[in-house]
Amino acid sequence: MANHRTPLYRWHVEHQARMVPFSGWDMPVQYTGIAAEHHAVRTAVGIFDISHMARVNVHGPEALALLEKVFTNAVATMTVGQVRYGLICNENGGVLDDILVYRWSDSFSAVINASNREKILAWWEQHRTGEVIIDDRTFDTTMVAIQGPQAADMVSAIFGESVRTLKYYHAKPIRYREGDGFISRTGYTGEDGFEVVVPHAVGQPLWEEVVTRGAVPCGLGARDTLRLEAGMPLYGHELKESINPIQAGLGWAVKFDKGPFIGREALLAATTDTTQPRRIGLELDSPRAAREGCPIVAAGDNIGTVTSGSLSPWLKKSLAMGYVRPAFTSPGTLLAVDVRGALLHAKVVPLPFYRRTKNV
Amino acid sequence: MPNPKNLRYLPTHEWARLDGDVVTVGVTAFAIEQLTEPTYLELPAIGTEVHAGEKFGIIESYKSTSDLYSPVTGTVIERNEPLVDDPATKRKGDPKPVNDDPFGAGWMLKIRLAPGATLDHLLTAEQYDAQLASEHH
């Protein structure tokens, strides 16, 4: 089956983006270069086409009940316009996806990873009780991320000053030209930023306006190096069905006191389990990158595995995330990573690797 | 960027240029496009014997790590030193020329051909172009 294409596909190709297959979509990995795009987001503002992410509206009398059941974070306590990150777990606590839930006055939206769209829609269909309408809007909306210290200036110039005061992890409806959509102060870069959903008809005009106003088009390559520096997990790497959120260090997004949800008992047990591998950050004493699958070694023993790694374009260090036995998780612990047979020294460091100076 | 007619190619995207009995080796523009900008390069020391089709080094980008394969059999007589780390002076290598000018300033090694070694087994530019065209479909 041919890959899906976002409404911006033609624009990407016309602007010399290098297109790669990603989770069933043809997506730009870079336009001019990963390092330049990464720096634009850390110092100015960049724009990413993230239309491959699944966007689903959930409404109806039982919508709240469904979301509470399939989401580890609390939904009932969300205020209108609030956004929460959380996990969707199976009965064993294994992560099926990590998603954002948006609360509106009479409905919810969810943003789901592209690779998990069909799986999660089927999971929700299976676990719905009563009247819930699950409306997949992925193929008639465009989603972009506008990220960087100048992102607030950019979006307030386009959507009005009222978006400048939008709080972190809050959202509001917007109108762009003739299209109704929404904007949230969220992102996957470790920088201040916004994510915007609009109907297809105005997706390209919005993209072009943001670029004309000076944002640097950024591809998935920079998105990956930015989220790595920010210590953010990527589904398929740090998160998968064989890993639970407690191991991943995402216990803050699991609310045991909210009532029953799928995976609750297994996750409660995981909080006191001292045998499960835990996610760590590693800084390598080498210009070489550790890659997914590289063994992590302590005194000749294989004690874990790298899940993501790259040279950091901003910190100029070789950074990696991975899972190790709990005895080796303390910051400062000296380990080694087996990179294609070369044992490279590495040190456990706290996550995130990069933390911006907060202005919101 | 077109693949120069005066070079010969490995299917793994290395190029070779013969001058007398010395072969200059690098990687193609297509390889760099696939890899994205290089961040790290590891090359064999001068005097190392390399063999046609066998690994001689490593190239890394933000995205991936790839092995480099020697187009010919012979002995390394020169390296493009600014591209690689120098442990003696702790100077960091900068592989940027490989990104900016893969067929020119981004050359990697000069190899003196072993007695009897040739470039005959390598692809011509035309054959390499055909391989890229088929990989794109």
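Keep in mind that what you see is a predicted model, and the values were worked out from it rather than measured. (Residues numbered from 1 in each chain as written. Chains lettered and ligands numbered in written order. Predicted model: local features only at pLDDT ≥ 70, side-chain atom pairs only at ≥ 80, totals over all residues. Heavy atoms only, no water.)

### Digging into the overall build of chain B
The criterion, for reference: Numbering of helices and strands runs from the N terminus; a helix is a DSSP stretch of H or I covering at least four residues, while a strand is a stretch of E covering at least two. Values of the radius of gyration come from C-alpha atoms, whereas the globule rule sets the reference at 2.2 Å times the count of residues to the power 0.38.
A tally of regular secondary structure across chain B gives 3 helices and 9 strands. Across chain B, helices and strands are ordered from the amino to the carboxyl terminus as β-β-β-α-β-β-β-β-β-α-β-α. For 137 residues, the compact-globule estimate of 2.2 N^0.38 gives 14 Å, and chain B sits close to it at 14 Å. Dimensions of chain B along its principal axes, counting C-alpha atoms only, are 45 × 40 × 20 Å.

### Structural notes on the domain arrangement of chain A
Counted only if it meets this: Throughout, the edges of the domains are those of an automatic or database domain assignment.
Domains assigned within chain A are domain 1 (4-53 + 138-229), domain 2 (55-136) and domain 3 (277-349). A C-alpha centroid distance of 34 Å is found between domain 2 of chain A and domain 3 of chain A.

### Some details on the interface of chain A and chain B
By a widely used convention, the size of an interface equals the accessible area lost when the partners come together. In plain terms, the rule: In what follows, a contact means two residues having at least one pair of non-hydrogen atoms within 4.5 Å. Note on definitions: buried area is the accessible-area loss of two parts on being combined, 1.4 Å probe, summed for both. A side-chain nitrogen of Lys or Arg and a carboxyl oxygen of Asp or Glu constitute a salt bridge if their distance falls within 4 Å. Whenever two N or O atoms come within 3.5 Å, that pair is a polar contact, provided that in protein one can donate a hydrogen and the other can accept it, and provided that, for residues adjacent in sequence, both atoms are side-chain atoms. Charged means Asp, Glu, Lys or Arg here, nonpolar means Ala, Val, Leu, Ile, Met, Phe, Trp, Tyr, Cys or Pro, and polar covers whatever is left, Gly included.
Contacts between chain A and chain B engage 17 residues on the former and 17 residues on the latter. Summing both sides of the interface, chain A and chain B together bury roughly 1,400 Å²; the carbon and sulfur share of this comes to 48%. Counting across the chain A and chain B interface gives 2 salt bridges. Of the charged contacts in the structure, one is a salt bridge between A:R288 and B:E60, with a shortest N-O distance of 3.0 Å. Counting every contact that joins chain A to chain B gives 13 residue pairs in polar contact (both at pLDDT 80 or more). Looking at the side of chain A that touches chain B, the elements that each hand over two or more residues are strand 3 (25-30), helix 2 (34-43) and strand 17 (301-311) of chain A. The biggest single contributor to the side of chain A that touches chain B is helix 2 of chain A, with 3 residues. In terms of residue class, the side of chain A that touches chain B is made up of 8 nonpolar, 5 polar and 4 charged.

### Remarks on the side chain of B:N3
Among the secondary structure elements, B:N3 is positioned in the segment before strand 1 (8-9). Dropping the residues within four chain positions of it, B:N3 is found in contact with B:Y9, B:T28, B:F103, B:A125, B:Y128, B:D129 and B:L132.

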